[in-house]
Amino acid sequence: MTGAAAKTRVLFVCLGNICRSPMAEGVFRDLVERAGLVDEFEIDSAGTGNWHIGDPPDQRAVRAAAARGIDISGQRARQVRASDFEAFDHLIAMDGANFETLARMAPGNRAGRISLALAHVPGKGRCDVPDPYYGGPEGFERALDLLDEAARGLLNQIARN
Ligand code: 4NP
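Residues numbered from 1 in each chain as written. Predicted model: local features only at pLDDT ≥ 70, side-chain atom pairs only at ≥ 80, totals over all residues. Heavy atoms only, no water.

Ranked by size, the top nonpolar core spans 36 residues in total, and within it Val10, Phe12, Met23, Phe28, Phe41, Met94 and Val129 carry the most contacts. Going through the elements one at a time, β1 (8-14), α1 (20-34), β2 (41-47), α2 (59-66) and α5 (137-160) are the ones with two or more residues in this core. The leading source of residues in this core is α5, at 10 residues. If you look at the next biggest cluster of nonpolar residues, it comprises 12 residues, including Val13, Phe85, Phe88 and Ala106. (Core = buried A, V, L, I, M, F, W, Y, C linked by side-chain atoms within 4.5 Å. Buried < 20%, exposed > 50% of the residue type's maximum accessible area, 1.4 Å probe, protein only. Helix = DSSP H or I, 4+ residues; strand = E, 2+ residues; numbered from the N terminus.)

It is worth spelling out the packing of α2 against α5 at this point. For the pair α2 and α5, interaxial distance at closest approach is 10 Å and the crossing angle is 55°. Taken together, the axis directions place α2 and α5 in an arrangement best described as oblique. Note on packing geometry: the crossing formed by α2 with α5 is right-handed. Here Arg60, Ala61, Ala64 and Ala65 of α2 lie close against α5, whose contacting residues are Phe140, Glu141 and Leu144. A per-class count over the contact of α2 with α5 returns 5 nonpolar, no polar and 2 charged. (Axes fitted to C-alpha atoms, helices over the stretch in contact; angles between N-to-C directions. Parallel < 35°, antiparallel > 145°, perpendicular 65-115°, else oblique. Left-handed = near helix turned anticlockwise from the far one by under 90°. Contact = heavy atoms within 4.5 Å. Nonpolar A, V, L, I, M, F, W, Y, C, P; charged D, E, K, R; others polar.)

A word on unusual backbone geometry. One non-glycine residue, Asn17, lies in the positive phi region at around 60°. With respect to the element layout, Asn17 can be found in the loop between β1 and α1.

What follows is the structure, given as structure tokens:
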């Protein structure tokens, strides 16, 4: 083989792209960096909705991630687009509603690239990462705990393949 191996491209998707998927992007990037694999990945996040395009992550998400040593303050929200199904190998949905929206958008042969975040965690395969937007700070902690598990499971799975 010649040339560098292709990067593995991962897109995390939630509804607004200001709470869960920015945290997911930050947690996964942090894990990949600590594993020394940053050059092998392209990592991004997006929302199925359009309300927050161009916005930074929710301050509660920024603070909760910062408390774990993860800086997500530079991210800006964008909406999922059809070309994401070509540009990314894995589209990781935070909940079942996000999954269904992506599945409806996916070109014919691309739906197989979509998975639920917690499908990468043994025993939690059908669970959602609950939306913390309308709740208190504990929802952001819970989301980060789940996303930490999801990130480890996803990286292990990619590394095996
Ligand atoms: P996210 O949370 O999908 O985790 O980014 C939400 C953020 C904003 C809204 C809904 C969910 N909203 O309706 O504006």
